Amino acid sequence: DFFQAIDTGGEKKSSHLSLKEVQHTYKLIDKEEDIHSLVLALKNHQTVCFDTETTSTNAIEAELVGMSFATEENCAYYVHIPKEREVAQRIVNMFKEIFADEKIEKVGQNMKYDIIVLSNYGVEVKGKMFDTMIAHYVLQPELYHSMDYMAETYLDYETIKIESLIGERGKGQKNMRDLTAQQIYEYACEDADVTLKLKNILEKELQKEGCEKLFYEIEMPLVP
């Protein structure tokens, strides 16, 4: 089983303060053989949560810096993507079948952004989708819908803030490309992990509040 057998050299327990002490096992994947193993492992799951790290908030011009994946709570994987376009494209191509597999449910936060970024690399995201931002909007339209806000509200958990990595907004702010994979992976893995946790809660809330039809039949089909 890849999730147990992979080299744990990049494994690190999250030491960031949280409102509740939660242990996360996050792994940096930067070897091609490990990427192959991750792809094979992802194929065996009905639900895959993913997130992208990029060079820009503008999805049209953004370049991939990395992708993170989670299939179970408290465990996530970050795939480093180098700057060289040819190498980057080769790595992304390895995940094309996962994104195109209509039998695998895709989960994300503000998925429209990620879908546009991936489309710039020739990737089409298909199948059932669950966007935590949209789910929360359906349930609580008057509130904030950021992952940070939802993590504090639903999980009693304080996420790593991106400003701690690239600095505050302004001329001196860094780009994710300026950081090493080692500096990024914990933050990126947390994004996928927390999003999956939120999905598991919001999915039940939608059912409880009778909002499933609105979410699945009206809101989510608009995302692609």
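Residues numbered from 1 in each chain as written. Predicted model: local features only at pLDDT ≥ 70, side-chain atom pairs only at ≥ 80, totals over all residues. Heavy atoms only, no water.

## As for the layout of surface pockets
Working step 1: Roughly 1100 Å³ of internal volume is contained in the largest pocket.
Working step 2: Lining the largest pocket are 30 residues, with Glu53, Thr57, Ile162, Tyr187 and Asp191 sitting closest to its centre.
Working step 3: Elements supplying a minimum of two residues to the lining of the largest pocket: strand E3 (47-54), helix H5 (111-119), helix H7 (147-155), helix H8 (163-166) and helix H9 (181-208).
Working step 4: Counting residues per element, the lining of the largest pocket draws most heavily on E3, at four residues. (1 Å grid on protein atoms, 1.4 Å probe; cavity = no way out; pocket = protein on both sides within 12 Å on 5 of 7 lines; lining within 4 Å. Points joined across faces, edges and corners; volume = space filled by probe spheres on them. Helix = DSSP H or I, 4+ residues; strand = E, 2+ residues; numbered from the N terminus.)

## Points about the state of the cysteines
Working step 1: Summed over all chains, the structure comprises zero disulfides.
Working step 2: Considering cysteine sulfurs only, Cys189 is the nearest to Cys75, which forms no disulfide, with 8.5 Å between them. (Disulfide = S-S within 2.5 Å.)

## Some remarks on unusual backbone geometry
Working step 1: Phi angles above zero are rare outside glycine, and Asn74 is one such case at about 70°.
Working step 2: With respect to the helices and strands, the residue Asn74 is situated in the loop between strand E4 (64-72) and strand E5 (75-80).
Working step 3: A positive phi angle, near 55°, is found at Asp156, a position not held by glycine.
Working step 4: Following the sequence through the fold, Asp156 ends up in the loop between H7 and H8.

## Let's talk about the confidence of the model for the chain
Working step 1: For the chain, per-residue confidence averages 89 on the pLDDT scale, and residues scoring 70 or more make up 89% of the total.
Working step 2: In this model residues 7-17 is a low-confidence stretch, pLDDT under 50, and it forms 27 contacts with partners more than four residues away in sequence or in other chains. (pLDDT = per-residue confidence, 0-100. Contact = heavy atoms within 4.5 Å.)

## Describing the packing of helix H6 (residues 132-139) against H9
Working step 1: At a minimum axis separation of 10 Å, H6 and H9 run at an interaxial angle of 35°. Relative to H9, the crossing made by H6 is left-handed. In this structure, H6 contributes Thr132, Ala135, His136, Val138 and Leu139 to the contact, and H9 contributes Thr195, Leu198, Lys199, Leu202, Glu205 and Leu206.
Working step 2: For the contact of H6 with H9, the class distribution of residues is six nonpolar, three polar and two charged. (Axes fitted to C-alpha atoms, helices over the stretch in contact; angles between N-to-C directions. Left-handed = near helix turned anticlockwise from the far one by under 90°. Nonpolar A, V, L, I, M, F, W, Y, C, P; charged D, E, K, R; others polar.)

## Some words on the pairing of E3
Regular strands show a simple pattern: their side chains alternate between the two faces of the sheet.
Working step 1: The buried fraction of E3 is high, at seven of eight residues.
Working step 2: Sheet topology places E3 next to strand E6 (residues 105-108); three bridges connect them, and they run parallel. Looking at E6, one finds that Cys49 is bridged to Val107.
Working step 3: As paired elements, E3 and E4 share six bridges and run antiparallel to each other. Bridging from a neighbouring strand, Thr52 pairs with Met67 of E4. (Buried < 20%, exposed > 50% of the residue type's maximum accessible area, 1.4 Å probe, protein only. Pairing = 2+ DSSP bridges.)

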